[in-house]
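The lines below spell out each chain.
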Amino acid sequence: MSVEKRVEATAKNIEGKIQEVVGEITGNPQDKAEGQTKQAQAQATHTVENIKDELKKALD
């Protein structure tokens, strides 16, 4: 498990949520979309790390 990658993904997820909310408040659809994209990227990173963890468990 790469703790560093998980921390980075969590930070990116939080950043994305903030950016999405700011986009909603200001009415800026580009900020909102970019925030949602960051959240999706963070989720993908978490999924990859989960798969790596499961493969490592299976091989041990």
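Scoring rules and cut-offs
Residues numbered from 1 in each chain as written. Predicted model: local features only at pLDDT ≥ 70, side-chain atom pairs only at ≥ 80, totals over all residues. Heavy atoms only, no water. UniProt positions renumbered as here; feature names shortened; annotations may be inferred. Helix = DSSP H or I, 4+ residues; strand = E, 2+ residues; numbered from the N terminus. Rg over C-alpha atoms; globule rule 2.2 N^0.38 Å. Buried < 20%, exposed > 50% of the residue type's maximum accessible area, 1.4 Å probe, protein only. Contact = heavy atoms within 4.5 Å. Salt bridge = Lys/Arg side-chain N within 4 Å of Asp/Glu carboxyl O. Expected span 1.5 Å × (residues − 1). Polar contact = N/O pair within 3.5 Å; in protein donor to acceptor, adjacent residues only side chain to side chain.

- Naming follows an unreviewed UniProt entry, where the chain appears as CsbD family protein of Nostoc commune NIES-4072.
- Per UniProt, the chain has the following entry under Sequence similarities (unreviewed entry): "Belongs to the UPF0337 (CsbD) family."

Looking at the overall build of the chain
Okay, step 1: In terms of regular secondary structure, the chain is built from two helices and zero strands.
Okay, step 2: For the chain, whose C-alpha radius of gyration is 14 Å, the value lies well above the compact-globule estimate of 10 Å for 60 residues.
Okay, step 3: Dimensions along the principal axes, computed over C-alpha positions, put the chain at roughly 50 × 15 × 10 Å.
Okay, step 4: Per-residue burial over the chain gives 20% buried out of 60 residues.
Okay, step 5: Considering only residue pairs separated by 6 or more positions, the chain has 50% of its internal contacts joining residues 24 or more positions apart.

Section: the environment of E49
Okay, step 1: By the secondary structure assignment, E49 is in helix 2 (residues 29-59).
Okay, step 2: E49 sits in the buried class, given a relative accessible area of 2%.
Okay, step 3: Put simply, E49 and A11 are 38 residues apart on the chain and 15 Å apart in space, counted from C-alpha to C-alpha.

Regarding the pattern of salt bridges
Okay, step 1: One pass over the full model with this rule turns up five salt bridges.
Okay, step 2: Here E49 ties to K52 by a salt bridge, and the two come within 3.3 Å at their closest N and O atoms. Here K52 and E49 lie together in helix 2, a separation of three residues that amounts to about one turn.

Description of helix 2
Okay, step 1: Across its 31 residues, helix 2 extends 45 Å between first and last C-alpha, which sits within 8% of the 45 Å expected from 1.5 Å per residue.
Okay, step 2: Every buried residue belonging to helix 2 is among G35, Q39, A42, H46, E49 and D53, and all of these are buried.
Okay, step 3: Contact partners of the buried residues in helix 2: helix 1 (3-26).
Okay, step 4: Residue N28 occupies the N-cap position of helix 2, its side-chain oxygen lying 3.0 Å from the main-chain nitrogen of Q30.

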